[in-house]
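# Survey of secondary and tertiary structure
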Amino acid sequence: MGFIVSVIVVFLDQLTKSLALEKLTDGLSIPILKNIFHLTLVKNTGIAFGLFRGSTIIFVFISFIAVILILWYWLLKKDELGAAVKFALFLILGGSIGNFIDRIHFGYVVDFLDFGINNFRWPAFNIADSAITIGAVLICIQFFSNSAQ
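Residues numbered from 1 in each chain as written. Predicted model: local features only at pLDDT ≥ 70, side-chain atom pairs only at ≥ 80, totals over all residues. Heavy atoms only, no water.

### Regarding the packing of aromatic side chains
In the structure shown here, the tally under the stated rule is eight aromatic pairs. Aromatic side chains Phe 3 and Phe 90 sit 4.8 Å apart centroid to centroid with 65° between the ring planes, which places their arrangement in the edge-to-face category. Placement of the pair is Phe 3 in helix α1 (residues 2-23) and Phe 90 in helix α3 (residues 83-105), with a sequence separation of 87 residues. Classification of Phe 3 by relative accessible area gives partly exposed; the value is 41%. Phe 90 gets classed as buried once you look at its relative accessible area, which sits at 4%. Measuring from ring centre to ring centre gives 5.9 Å for Phe 115 and Phe 125, while their planes differ by 20°; the resulting arrangement is stacked. Placement of the pair is Phe 115 in strand β3 (residues 109-117) and Phe 125 in the loop between β4 (120-121) and α4 (127-147), with a sequence separation of 10 residues. You can call Phe 115 partly exposed: its relative accessible area is 35%. Taken together, the ring pairs in this structure connect Phe 3, Trp 74 and Phe 90 into an aromatic cluster. (Phe/Tyr/Trp six-rings, centres within 6.5 Å; stacked < 30°, edge-to-face > 60°. Helix = DSSP H or I, 4+ residues; strand = E, 2+ residues; numbered from the N terminus. Buried < 20%, exposed > 50% of the residue type's maximum accessible area, 1.4 Å probe, protein only.)

Next comes the structure, spelled out in structure tokens:
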């Protein structure tokens, strides 16, 4: 079941990025919910929030290592991990693979989901970023709920 989660994340991520590249113009913002949710194509050569732009080779390596470490951890601990942590790991794995594919294929990550209020915008992101974030939050919740007991 776990790898299916990763496959679904990669599939949805790559499908939506392909559509974004096909339908959106770089830098042009299309309002879906005016002043709240826009589709805005951003070619991100950095990491989260566009930090460290132009470091593609380093992030290809880091993404590859992240994928290997997640798989290694899962193989070592799979019998000890709860369902929520396994689900979270496979979300992170799928998201990492999705962004890794972009870095290898394009030299940048395709971002296009643009949320904010008026001119205050969150940096654009994608399905892979969402999966990684949700997975990390689930792991934190699990960690803090276990440490509180």
